[in-house]
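Survey of secondary and tertiary structure
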Amino acid sequence: MRLSSRGRGCCVAGSRERGPPPRSPFVHQLRLSPLEKTKIAFMTLTLFPIRLFFAAFMMLLAWPFAFIASMGCDEQELEKPLSWWRKIVDVLLKAIMRMMWLAGGFHWINVKGQRALPAEAAILTVAPHSSYFDAIPVTMTFASIVMKAESKDIPVWGTLIKYIRPVFVSRSDQDSRRKTVEEIKRRAQSGKWPQIMIFPEGTCTNRSCLITFKPGAFIPGVPVQPVVLRYPNKLDTITWTWQGPGALEILWLTLCQLHNSVEIEFLPVYIPSEEERKNPVLYANNVRRVMAEALGVPVTDYTFEDCQLALAEGQLRLPSDTCLLEFAKLVRSLGLKPETLEYDLDKYATRAMKMKKEKADLKEFSAYLEFPVSHTLESMFALFDENEDGIIDIREFVIALSVVCKPSKTLETIQLAFQLYQSENGTITEDDLAHILKTAMGVSQINVTHLFRAVDEEEKGKITYDDFYRFAELQPHFAEDYLYPDQVVAESGLETSPLSAPNGICTDFSPENAEDKNKSLQKKWN
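Residues numbered from 1 in each chain as written. Predicted model: local features only at pLDDT ≥ 70, side-chain atom pairs only at ≥ 80, totals over all residues. Heavy atoms only, no water.

The next subject is the overall build of the chain. Of regular secondary structure, the chain possesses 21 helices and eleven strands. Looking at the chain as a whole, 56% of its 526 residues qualify as buried. On the chain, roughly 24000 Å² of surface is accessible, and the fraction owed to carbon and sulfur atoms is 55%. (Helix = DSSP H or I, 4+ residues; strand = E, 2+ residues; numbered from the N terminus. Buried < 20%, exposed > 50% of the residue type's maximum accessible area, 1.4 Å probe, protein only. Areas by Shrake-Rupley, 256 points an atom, 1.4 Å probe, with all protein chains shown as cover.)

What follows is the structure in structure tokens.
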């Protein structure tokens, strides 16, 4: 499986055509030269502890002001204009927060454009979302944000959060997303509340593109002001993605830099058309296109849900250049719904096993899926048309769909693949295993010789699923040991394991039917 020349579809910045970005938006590899490592070692012993102390001190200094200003504030009080003493507190807190960022090496913050008044744009949409340092525009504006309800119970930080009057999302309330959207709509249309700052991507990326915007910020149908962020630093220690340096490592490396740059650009207010007011998805896509043009980056239909695929805790860790993210995007575009994907997988697997031949052309593939030929279907076909001869192996589609459907259940996918490829006596060859694993990982080539020999202890030249299962039980990390041993540690020497801390500062609150499908990632999702 690979991206053929017909299936690449990379788009230029701001164009209507979407395609895969140059690299996975959920991966950040930080490569340090020997000189940079020496500088960081020196800064760790000198500048880092001083900066960390002053940044922490400034946050503690802000706490009593935020606590006093938040006392006894009911909803009616919050909708009124700030009293004179609260305006003073507001100025003091902004000054303290600015000193905190100054202590962190953000000596000057380059602001372009003009922030709109709340009456002009009740909602500020900020992108790309790539780090917890994206809190800088929040502390500069003290606009309200959407946060998980548990955040208000965090010592010190929770008090500062409550001061900016956020919209809280409660995970214990199954109806929370709908209530959150209604609250945003109420505030946006009241004309009395502070502006709401929303990160519509819903998760952190590496800023190589703008992923799909969640529609929650656009459901109210009111004008929004797009705000774009840039971090024009020589060494990118800011980016905090799902694969890459962890939260504490990012903090340490950033505080070790002599200077950190950030640019905040307020774009002109975007006033939705009548069609966009009725269609939040269209509204979100059009605003995203405007922001992508300003940033000079492409847009892609990757979503937060693709993180579940890219970072699934299965035994096959997907490489950063996997085609399966593109495949998952096309699955959604084709109309296969997440809530019925397991049923669809069973249906297509059964059909594939009953087919007299495994190969199919585009017309036969269309009939197999029961979808008419379209640009989306042609793009999906091209992903599997490795030789570009107009013929694909249906079994590869089933395996890829299984990975997308059950990203953390590696052995279930491999068992299904064995059923598709095995001979009458239930065995597969080394070539069969190579086809199975390269499709399951979304790569064009893979060397399985060492793995196959390890499984084939009797050197019969063929293995059964039971052989593979027993081996996987004894060697749960077989992929790292036999398929990509050199990729466990990045070139910089920094481990690039999935994050175990919450990623991003903005909760996704878009009302969707698939609320429960990301439970495995909720511990990482702020």
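Take unusual backbone geometry next. Cis geometry marks the peptide bond from Ala 127 to Pro 128; its omega dihedral reads -5 degrees. Looking at the element boundaries, Pro 128 is found in the loop between strand E2 (123-127) and helix H5 (135-141). The phi angle at Arg 165 is positive, at roughly 55 degrees, despite the residue not being glycine. Inspection of the secondary structure assignment puts Arg 165 in the loop between helix H6 (157-163) and strand E4 (167-169). Backbone geometry at Glu 388 places phi at a positive 55 degrees, although glycine is not the residue there. You can see Glu 388 is positioned in the loop between helix H15 (375-384) and strand E9 (392-393).

Moving on to the pattern of salt bridges. If you walk through the whole model with that rule in mind, you get 16 salt bridges. Among the salt bridges present, the one from Arg 207 reaches Asp 236, with a minimum N-O distance of 3.2 Å. With Arg 207 in the loop between strand E5 (196-198) and strand E6 (224-230) and Asp 236 in the loop between E6 and helix H8 (247-255), this residue pair connects regions lying 29 residues apart in the sequence. On the basis of relative accessibility, which here comes to 18%, the residue Asp 236 falls in the buried class. Taking the shortest distance from any N to any O, the salt bridge between Lys 438 and Glu 386 comes out at 2.9 Å. Of this pair, Lys 438 sits in helix H18 (residues 430-441) while Glu 386 is found in the loop between H15 and E9, placing the two residues 52 residues apart along the sequence. In this pair, the class of Lys 438 matches that of Glu 386, namely buried. When salt bridges that share partners are traced, they join Lys 112, Arg 230, Glu 263 and Glu 265 into one network. (Salt bridge = Lys/Arg side-chain N within 4 Å of Asp/Glu carboxyl O.)

It is worth spelling out the pairing of strand E7 (residues 262-266) at this point. Taken across its five residues, E7 has five buried, putting it largely inside the fold. Alignment of strand E1 (residues 109-112) against E7, held across four bridges, turns out to be parallel. Counterpart to Ile 109 in the pairing with E7 is Val 262. (Pairing = 2+ DSSP bridges.)

Look at helix H2 (residues 47-70): 35 Å from first C-alpha to last across 24 residues, which is about the 34 Å you get at 1.5 Å a residue. Looking at the packing, one finds that the buried side of H2 touches helix H1 (34-45), helix H4 (84-103), H6 and H8. (Expected span 1.5 Å × (residues − 1). Contact = heavy atoms within 4.5 Å.)

On to the nonpolar core, then. Ranked by internal contacts, the top residues of the largest apolar core, which has 61 residues, are Phe 327, Phe 365, Met 380, Phe 397, Val 398 and Phe 468. Among the elements that make up this core, the one with the highest residue count is helix H16 (residues 394-405) (nine residues). With residues near it in sequence (within four places) discarded, Val 398 still touches Leu 345, Tyr 348, Ala 349, Ala 352, Tyr 368, Leu 416 and Leu 420. (Core = buried A, V, L, I, M, F, W, Y, C linked by side-chain atoms within 4.5 Å.)

Here we take up the packing of aromatic side chains. Summed over all chains, the structure comprises 25 aromatic pairs. Between the aromatic rings of Tyr 348 and Phe 397, the centroid separation amounts to 5.7 Å while the plane-to-plane angle is 75 degrees, which identifies the pairing as edge-to-face. Taken together, the residues span a long stretch of sequence, with Tyr 348 in helix H13 (residues 341-354) and Phe 397 in helix H16 at a distance of 49 residues. Taken as a pair, Tyr 348 and Phe 397 share a single burial class, namely buried. Relative to Phe 478, the ring of Phe 468 lies with its centre 5.4 Å away and its plane at 80 degrees, an arrangement referred to as edge-to-face. With a gap of ten residues between them, Phe 468 in helix H20 (residues 465-474) and Phe 478 in helix H21 (residues 478-483) connect regions that are remote in the sequence. Classification of Phe 468 as buried rests on a relative accessible area of 0%. On the basis of relative accessible area, Phe 478 is assigned to the buried category, the value being 0%. Counting every residue linked through ring pairs, the aromatic cluster contains Phe 327, Tyr 348, Phe 365, Tyr 368, Phe 381, Phe 384 and Phe 397. Stacked on the ring of Trp 193, the Lys or Arg Arg 187 has its end atom at 4.0 Å from the ring centre. Above the ring of Tyr 421, the side-chain terminus of Arg 395 is found at 3.8 Å from the ring centroid. (Phe/Tyr/Trp six-rings, centres within 6.5 Å; stacked < 30°, edge-to-face > 60°. Lys NZ or Arg CZ within 6 Å of the ring centre and 35° of its normal.)

In this section: the sheet that holds E7. As summarised here, the arrangement of the seven strands in space is E1-E7-E6-E2-E5-E3-E4, forming an open sheet in which the pairing is mixed. Each having just a single partner strand, E1 and E4 make up the two edges of the open sheet. When strand polarity is set aside, the average angle formed by the axes of neighbouring strands in this sheet is 25 degrees. Bridge count for E6 against E7 is four bridges, and the pairing is antiparallel. Note that in E7 the partner of Leu 229 across the bridge is Ile 264. The sheet contacts of helix H10 (residues 280-295) involve E2 and E6, and relative to E6 the element is tilted by about 40 degrees. (Axes fitted to C-alpha atoms, helices over the stretch in contact; angles between N-to-C directions.)

This part is about the UniProt feature "domain: EF-hand" (unreviewed entry) in the chain. Listed under "domain: EF-hand" (unreviewed entry) in the UniProt record, and renumbered for this structure, are residues 372-407 and 443-478. Across residues 372-407, the secondary structure splits into 61% helix and 6% strand, with the terminal C-alpha atoms separated by 27 Å. Helix makes up 50% of residues 443-478 and strand 6%. Its end C-alpha atoms lie 18 Å apart. (UniProt positions renumbered as here; feature names shortened; annotations may be inferred.)

Our next topic: the confidence of the model for the chain. Averaged over every residue, the pLDDT of the chain is 82; residues scoring 70 or more account for 81%. Across residues 3-22, confidence stays below pLDDT 50; counting only partners more than four residues off in sequence or on other chains, it has 54 contacts. Scored below 50 in pLDDT, residues 486-526 makes 123 contacts in the model with residues more than four places away or belonging to other chains. (pLDDT = per-residue confidence, 0-100.)

Running from amino to carboxyl end, H2 crosses H4 at an angle of 165 degrees, the nearest separation of the two axes being 8 Å. As judged from the angle between their axes, H2 and H4 are roughly antiparallel. Crossing of H2 over H4 shows left-handed handedness. Two secondary-structure elements touch here, H2 through Arg 51, Phe 54, Ala 55, Met 58, Met 59, Leu 61, Ala 62, Phe 65, Ala 66, Ile 68, Ala 69 and Ser 70 and H4 through Trp 85, Arg 86, Val 89, Leu 92, Leu 93, Ile 96, Met 97, Met 99, Met 100 and Ala 103. (Parallel < 35°, antiparallel > 145°, perpendicular 65-115°, else oblique. Left-handed = near helix turned anticlockwise from the far one by under 90°.)

On to the UniProt feature "transmembrane region" (unreviewed entry) in the chain, then. If you check UniProt for "transmembrane region" (unreviewed entry), the listed places come out as residues 40-63 in our numbering. Segment residues 40-63 splits into 96% helix and 0% strand. End C-alpha atoms: 31 Å apart.

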